[in-house]
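# What the coordinates show
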Amino acid sequence: MRPWLPLIVTWLASPVLAGDLAFVTSQNGNALSVVDLERAQVIASHDIPGAPAPVAYDPRAGRVYVIAANTGRLHVLDEAGLPLAQADLGEGAFGLAVAPGGGIYVTDWFGATLTRLDAALASVWQSPTAAAPAGVAVSADGAMVATADRDADAISIFDAATGHRLHQVKTAGAHPFGVTFHDGRIYTADVQGNSMSVIDPVAGRLVAQVPTGNHPYAVAFAGGRGFVTNQYASSVTVFDADTLEVLDEVEVGDYPEGISALPDGSAVAVANWESDELTILEADSMTIRARIPLPSGPRAFGVFTGRQALP
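Quick caveat, the model's predicted, so the values are computed rather than measured. (Residues numbered from 1 in each chain as written. Predicted model: local features only at pLDDT ≥ 70, side-chain atom pairs only at ≥ 80, totals over all residues. Heavy atoms only, no water.)

## Concerning the packing of aromatic side chains
Applying the stated criterion across every chain yields a total of 14 aromatic pairs. Aromatic pair Y217 and F301: ring centres 5.4 Å apart, planes at 65°, arrangement edge-to-face. With Y217 in strand β21 (residues 216-222) and F301 in the loop between β28 (288-293) and β29 (305-307), this residue pair connects regions lying 84 residues apart in the sequence. Across the pair, F301 and Y217 agree in class, each one buried. (Phe/Tyr/Trp six-rings, centres within 6.5 Å; stacked < 30°, edge-to-face > 60°. Helix = DSSP H or I, 4+ residues; strand = E, 2+ residues; numbered from the N terminus. Buried < 20%, exposed > 50% of the residue type's maximum accessible area, 1.4 Å probe, protein only.)

Dropping the structure here:
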């Protein structure tokens, strides 16, 4: 493991943070950018060594969690970018999701496990997944947690409190990666299937398949619509959240990956790895609201937006 290096924090605007924030990892640039979503601009930049990629923002706790992909080091920051804690999770550490009551869930790509860490980063439980777990997501009520097990073409569904695996469900397409819960169902982007799988987590069965663009990566919801980033198509597939009807495929930036809804549900934020920008896409009109330049290689794999709890 590399020795821990202090974070270098650069304020680009007023240090008074806005209510709606995004925390975007740039893997090539070894950086974490804090974005004011209301002003559509970067307000701070933080140096994080080791190719940061996965990220999870917990606005209620005022915590940001980032994993450096090259080392598996977990960095915990406050909303001003100041380091609070760090832990070496191993080089397979990848998917991140905020746990109810504080702490996180984290997948281990090489070890094929899902671990629940509490707010002090102590292990609560660890459970086996299928091969190469990538994304991880938590249900709205906090009762279930799911992993996208890429090399097994499957979704594993767990009891969030105990880590007991409830179901393992085959996806419609190959290599599921980003995964999310919405309205009681699980949605996953199947990278090599050019499709999205829809799963009933209670019954533990596949209920629908939705076509996407080339190499889908992650899924988010805003304004009654679903949005899937398509890496190779430089686009986002938009579908009706109720009927699953595909409405459009919208060009965003080059190689879009991470996607997360704005707190008010009016738009989604898309991290475009090759064009080095964050695109804000309106949910209703499906037009571009803003393009925000970022350090090289933004990925932002995880839920990276939220409304800061202001005094």
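## Comments concerning the pairing of strand β7 (residues 73-78)
Of all six residues making up β7, six are buried, and the element is well covered by its neighbours. Going residue by residue along β7, you find R73, H75 and L77 tucked away on one face and L74, V76 and D78 tucked away on the opposite face as well. Two strands pair when backbone bridges link them, and strand β6 (residues 63-68) and β7 are joined in this way by six bridges, in the antiparallel orientation. Residue pairing for β7: V66 is matched across the bridge by H75. Between β6 and β7, which follow one another and run antiparallel, lie four residues, and G72 among them has a positive phi close to 75°. Sheet analysis places β7 next to strand β8 (residues 83-88), joined by five bridges and oriented antiparallel. Across the sheet, L74 pairs through a bridge with A87, a residue of β8. Here β7 folds back onto β8 in antiparallel fashion, the turn holding four residues, of which G81 has a positive phi close to 85°. (Pairing = 2+ DSSP bridges.)

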